[in-house]
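# Report on the structure
Listed here are the chains, written in short residue letters.
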Amino acid sequence: MSTDLPEKNERFSSEVGEGFPVLSDTTGKVARAFGVVDAARDFPRRWTFYVDVEGIIRHIDKSVATETAGTDIARRLDALGFPKKP
């Protein structure tokens, strides 16, 4: 999820070849609820939330490295026991 406009997120998702849409939180309401934006910081922190099919947050990565994020996410999903795509 991003606080950018939907059009920008769609363009980004297409450019990097993501197989899923990047959701837009243009009001910042969700970002504030999850603590990635607060009174001391207007710009969202880059955190990854791992949420299971029941909506339970299983892990929060607060040290996202953009250069290795894809590999890091795959490893964490495996370590948490998330099912692999067939």
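In this text the structure is predicted, and so the values were computed from the model without any measurement. Going along each chain's sequence as written, the residues are numbered from 1 onward. Selection of residues for local features in this predicted model requires a pLDDT of at least 70, selection of side-chain atom pairs for listing and counting requires 80 or more, and totals for whole chains, interfaces and linings are taken over all residues. As a rule here, side-chain values come from all non-hydrogen atoms in the structure, and water together with hydrogens is ignored.

Between 30 and 60 degrees the pair is tilted, below 30 it is stacked and above 60 it is edge-to-face, where a pair is any two Phe, Tyr or Trp rings, Trp via its six-membered ring, whose centres lie within 6.5 Å. Under the criterion given, the structure shown has 2 aromatic pairs. Between the aromatic rings of F34 and F49, the centroid separation amounts to 5.0 Å while the plane-to-plane angle is 80°, which identifies the pairing as edge-to-face. Separated by 15 residues along the polypeptide, F34 in the loop between α2 (29-33) and β1 (48-51) and F49 in strand β1 bring together distant segments of the chain. The buried label applies to any residue whose accessible area, calculated with a 1.4 Å probe on protein chains only, is under 20% of its type's maximum; exposed applies above 50%, and partly exposed to all values in between. Residue F49 is classed as partly exposed on the basis of its relative accessible area of 24%. With centroids separated by 6.2 Å and ring planes inclined at 50°, the aromatic side chains of W47 and F49 adopt a geometry described as tilted. An aromatic cluster of at least three residues, connected via ring pairs, comprises F34, W47 and F49. As a reminder, the over-ring test applies to NZ of lysine and CZ of arginine, requiring each to be within 6 Å of the ring centre and within 35 degrees of the ring normal. The residue whose ring lies beneath K62 is W47, and the NZ or CZ to ring-centre distance is 4.6 Å. Put simply, DSSP marks the helices as runs of H or I at least four residues long and the strands as runs of E at least two long, and each gets a number from the N terminus on.

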